[in-house]
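Architecture at a glance
So the chains spell out like this:
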Amino acid sequence: MSVAPQTVAPPGVDVASARPRIRPLRWVAGVVLLVLLAQFAWFLVTNPRFEWPVVGRYLFDPNVLRGLGMSLLLTVIVMLLGSVFGVLLAAGRLSGFRPVAWACGFYVTVFRSIPPLLQLIFWFNLGYLLPRIPLGVPFGPTFVSWPTNSVISSLTAAVIGLTLHEAAYMAEIVRAGILAVDGGQRDAARAMGFTARQSFVKVVLPQAMRVIVPPAGSEFISLLKGTSLVSVIAMADLLYSVQVIYNRTYEVVPLLIVACAWYLVVVTALSLGQRRLERHFGKGQR
Amino acid sequence: MSDTPVLRIRDVRKRFGDHVALDGVSLDVHEGEVVTVIGPSGSGKSTLARCVHQLESIDGGAMHLDGELLGYEFHRGHLRPLPDRRVAAQRGRMGMVFQQFNLFPHWSVLRNVIEAQVLVHGRRPEDAREEALRLLQRVGLADKADAHPRTLSGGQQQRVAIARALATNPRIMLFDEPTSALDPELVDEVLSVVLDLARGGMTMIIVTHEMSFAREVADRCVFMEKGQIVETGTPEEIFDNPASPRLRAFLSRFSGRAAQISDERLLKEETTS
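Residues numbered from 1 in each chain as written. Chains lettered and ligands numbered in written order. Predicted model: local features only at pLDDT ≥ 70, side-chain atom pairs only at ≥ 80, totals over all residues. Heavy atoms only, no water.

**Considering the pattern of salt bridges**
For the structure on display, the rule yields 23 salt bridges over all chains. A salt bridge links R124(B) to E126(B); the nearest nitrogen and oxygen atoms lie 3.1 Å apart. In this structure E126(B) comes out as partly exposed when scored by relative accessible area, which is 44%. Residues R134(B) and E131(B) are paired through a salt bridge, measuring 3.1 Å at the closest nitrogen-oxygen approach. Of this pair, R134(B) and E131(B) both sit in helix α4 (residues 125-138), 3 residues apart, which is roughly one turn of the helix. Where salt bridges share partners, they join R93(A), E172(A) and R175(A) into one cluster. (Salt bridge = Lys/Arg side-chain N within 4 Å of Asp/Glu carboxyl O. Buried < 20%, exposed > 50% of the residue type's maximum accessible area, 1.4 Å probe, protein only. Helix = DSSP H or I, 4+ residues; strand = E, 2+ residues; numbered from the N terminus.)

Okay, structure coming up:
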């Protein structure tokens, strides 16, 4: 039997003296979390197959660090190229000239539909479709040409494949950001005599960044992890480097943990960078 | 008063799909003249302001600023639209104040007033800054120069917007319902700035719902309905002696409400003094 709560208070009552309510479900949730955490930690520490000493030995192995460097390099290149093409595609989709808008929309539809893994393999095998890459007048004479297989290394195939994929996603993110900027802002910019480009660069884009940064941050993070796909075209990224080692030593799990640890470190750093950018572009909004 | 009007609007037509927004509007605005435009909502008066500023294209007719055709040029005997850069330069010679202020929220108040001077008119940043501070002083907001627009009241934001529009020395100022988005008690601070400009000899077109203000500030008043100018004349002719039944009907609908507002203001002034 519970005591009926009393709501008629004596005169001079002050709610500042109230005690917090006891919330039993919170206690239950807290205990469940603690038990799970303890169980997981116990599993990590007591299971000898994690081979923690092996993890420690390979964490700073030169080959692993080289692979990490390659993953980072690829991420940065694709991030930059993908963002530039993404902005251009978004601007194109919002263009008043219909053929350009349609072409950009068509690009986005196509390259969002193709799995990046498929693209990587395709670009790596471009030499089959096009033995030499020509430079010349369309339908006219060719000035120079290069053999495709010497131009398309695994790095160029990776950059092309991932950039085309990334640009399509960035285009949609940037477009959403631009559409989120109030139309009155563009009116005001044009009314003051800004050209279309000045109003886009000075007024619309900086305000769109507030909407663009959070999803673009997630996109970059998934791109970093997406670079692990390039191991299929024998490019020595982080995942491929640990694969090379465990194919020799058979220490599969510890080496996957090494890769895992590095991905975690880099993604955490990216998340921190994203938060700073959000704060930067959020100013003036609140 | 010179012979060439600052702004000449001739038989301008504009439609949005099936809706005819402007149905052959003609209007001349001379140097130093203040023209107020009144009319029911949907009568095309805001569209007129937007078309003059080339924020909307027009379907027919012509507009001239100081005798120069707006938005088009002759090329080998044919008319063709101007390139974006030249249209932008023409817009830079006019000032526009919007109903929703439309200040740039990512810039400080001061930078809002500086930027067009530097970007569009190529002034030196130091000179632009000096001019901006002078203009902010003129609208009574010199102390808010470093504030961000979002921290200001609606009335203050609109005064900054006026300073921003003035910063490029416009030949003519266009006001598109400058007080319609304001709380009633903030309307007067904006109107007094506009009145001050009118007394200073600025050429202006003011689209407004504030009838007593439209009458007080105007040299000439224009009544629009259904995309046409129904009647134009001195404030006395329009408000005391409306010729057309449509204007009479419009004013009678308005007089009740306008009287009520000014009564409230009187009441407030009495209680505060």
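Picking up where we left off.
**So, empty space enclosed by the protein**
What the rule picks out here adds up to 1 cavity of 30 Å³ or more. Looking at the largest cavity, the residues that line it are A188(A), A191(A), M192(A), M94(B), G95(B), M96(B), F98(B), A116(B), A161(B), R164(B), A165(B) and T168(B). Listing elements by their share of the lining of the largest cavity, those giving two or more residues are α9 (183-191) of chain A together with β8 (94-97) and α5 (154-166) of chain B. Here the lining of the largest cavity is built from residues that sort into 9 nonpolar, 2 polar and 1 charged. (1 Å grid on protein atoms, 1.4 Å probe; cavity = no way out; pocket = protein on both sides within 12 Å on 5 of 7 lines; lining within 4 Å. Points joined across faces, edges and corners; volume = space filled by probe spheres on them. Nonpolar A, V, L, I, M, F, W, Y, C, P; charged D, E, K, R; others polar.)

**Regarding the UniProt feature "transmembrane region" (unreviewed entry) in chain A**
All names here are of chain A. The UniProt record annotates "transmembrane region" (unreviewed entry) at residues 27-45, 65-88, 100-124, 144-165, 228-246 and 252-273. Spanning residues 27-45, this segment combines 100% helix with 0% strand, and its end C-alpha atoms are found 27 Å apart. Taken end to end, residues 228-246 is 47% helix and 0% strand, and its first and last C-alpha atoms sit 16 Å apart. (UniProt positions renumbered as here; feature names shortened; annotations may be inferred.)

**Considering the nonpolar core**
Residue and element names in this part refer to chain B. In this structure, L136, I162, M173, F175 and M204 are the most contacted members of the largest nonpolar core, which totals 41 residues. At the level of secondary structure, the elements contributing two or more residues to this core comprise α3 (109-119), α4, α5, β9 (172-176), α6 (187-199), β10 (204-207) and α7 (211-217). It is α6 that provides the largest number of residues to this core, a total of 8 residues. Leave out the neighbours within four places in its chain, and L136 touches V109, L110, V113, L141, A142, A145, V160 and A163. Of all hydrophobic cores here, the second largest spans 37 residues; its members include L7, L48, V52 and M63. (Core = buried A, V, L, I, M, F, W, Y, C linked by side-chain atoms within 4.5 Å. Contact = heavy atoms within 4.5 Å.)

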